Structures are given as C-alpha cells and as structure tokens.
Amino acid sequence: MWQRKQTLFLISSIIAVVLCLFFPVGYASVGTLGSEIPLNNLGWAGVANAVPVITAWPLFIFMVLAGIVSVVTIFLFKDRKLQMRLCYWGVLFDILWYVYYLLIYFKVSGQVQMGLKWAVAMPLVSIIFLLLAHKGVKADEKLVRSMDRIR
C-alpha cells in the first residue's frame, strides 16, 4: 500500500489541503492606512466590521471534505474503481472551494480592496496530485486486467 506512487500523491494532496486550512488565503485592505484583515477558511480574522458580511464556512467544509476523501482513498487500495471515483470527488470538492472563493472575492472586492495569499494555490496543488493519483490507480487497474487476460 505505502510503496505505491499514488499513495504518495494522495499524501501530498492531504498536505496541500492542511496547508490551505492553516494559512490565510486572502486579505481585505480597509481604511486609509491599508490595514489588512486576513481571510482564513473559517472566516475573517479579527474585527471585520469594514468587510462585507459573507460567511466563509463553505471554504472550510470543502477543504475538510477534500482531505477526508484523500485519506479514505489511501486505505481503499483493494477497490481500485472506488479509488478512482474518490479521486474525482476530491477534485470536485477542490473546484467547489475555488467557486466559493471566487464568490467571496468578487462580492468583497466590489466594496474593499481584496488580495490573495499564497495558500490560495494549495487546492490547485491538491487537484494536480489527485489527478496524478487517479492516473496511477488507473495504471494499476490496467495492469491487473492485463494479468487476468494472460491467465
């Protein structure tokens, strides 16, 4: 299980998700001094009276679901078809994270200046690793099927 390359890709995807959860993904500049209010996956950090009220909980939920799917996928190494489907589910949760982030970005940037932090790229890194894991699982399935034909 641990020697397979797709397991390493899934672990890398989990690391990307955890990094995205623990670091700010954006900020809003408010006031004339340009003080920054960071946006985490759980919401706006600190007092955010100047930032339009929009909840960020879905960001947290999508990231947690993507991480859980990746963890579960690692341990389903005997069911490769389910593993491939779960890789796509992880990609879907990462894409939904971006969709909701864009919703927040465009709603807030109309009223205050909004900026991005480096952690906003982590779901994209997770998507790449999940697609690589899917490719590895698919190659394993193809290899097993070819061995079945030889018998």
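Preceding block: the structure.
Note that the structure is a prediction, hence the values are computed from the model and not measured.

**Q** Any details on the side chain of Asp94? Residues and values, ideally.
**A** Relative to the assigned elements, Asp94 resides in helix H3 (residues 80-109). As a buried residue without a salt bridge, Asp94 has its nearest oppositely charged side chain in Arg85, at a separation of 18 Å.

**Q** Which residues make up the environment of Ser146, and what are the values?
**A** Inspection of the secondary structure puts Ser146 in helix H4 (residues 122-150). In this structure the side chain of Ser146 is engaged in a polar contact, spanning 2.8 Å, whose partner is the backbone oxygen of Leu143.

**Q** Describe the nonpolar core, listing the residues and the values that go with them.
**A** Core analysis: the biggest nonpolar cluster contains 28 residues, and Val25, Leu39, Trp44, Trp97, Tyr101 and Ile104 have the highest contact counts within it. Where this core is concerned, the elements lending two or more residues are helix H1 (5-22), strand S1 (26-30), strand S2 (35-40), helix H2 (57-74) and H3.

**Q** Would you mind going over the packing of H2 against H3 in detail, with residue names and values included?
**A** Axis separation between H2 and H3 bottoms out at 9 Å; the angle between their running directions is 165 degrees. On the basis of the axis angle, H2 is roughly antiparallel to H3. Considering only the axes of H2 and H3, their crossing is left-handed. Here Pro58, Leu59, Phe62, Met63, Leu65, Ala66, Val69, Val72, Thr73 and Ile74 of H2 lie close against H3, whose contacting residues are Gln83, Leu86, Cys87, Trp89, Gly90, Phe93, Asp94, Leu96, Trp97, Tyr100, Tyr101 and Ile104. Tallied by class, residues from the contact of H2 with H3 come to 18 nonpolar, 3 polar and 1 charged.

**Q** Can you lay out the packing of aromatic side chains for me, pointing to particular residues and giving the numbers?
**A** Enumeration according to the criterion identifies 7 aromatic pairs in this entry. Ring pairing ties together the aromatic residues Trp97, Tyr98 and Tyr101, which thus form one cluster.

**Q** Before we move on, could you go through the environment of Val72 and cite the residues and values that matter?
**A** Locating Val72 in the fold gives a position in helix H2. You can call Val72 partly exposed: its relative accessible area is 39%. Through-space distance from the C-alpha of Val72 to that of Leu86 is 8.4 Å; in sequence the pair is 14 residues apart.

The rules behind these values
Residues numbered from 1 in each chain as written. Predicted model: local features only at pLDDT ≥ 70, side-chain atom pairs only at ≥ 80, totals over all residues. Heavy atoms only, no water. Helix = DSSP H or I, 4+ residues; strand = E, 2+ residues; numbered from the N terminus. Buried < 20%, exposed > 50% of the residue type's maximum accessible area, 1.4 Å probe, protein only. Lys, Arg positive; Asp, Glu negative; His and termini not counted. Salt bridge = Lys/Arg side-chain N within 4 Å of Asp/Glu carboxyl O. Polar contact = N/O pair within 3.5 Å; in protein donor to acceptor, adjacent residues only side chain to side chain. Core = buried A, V, L, I, M, F, W, Y, C linked by side-chain atoms within 4.5 Å. Axes fitted to C-alpha atoms, helices over the stretch in contact; angles between N-to-C directions. Parallel < 35°, antiparallel > 145°, perpendicular 65-115°, else oblique. Left-handed = near helix turned anticlockwise from the far one by under 90°. Contact = heavy atoms within 4.5 Å. Nonpolar A, V, L, I, M, F, W, Y, C, P; charged D, E, K, R; others polar. Phe/Tyr/Trp six-rings, centres within 6.5 Å; stacked < 30°, edge-to-face > 60°.

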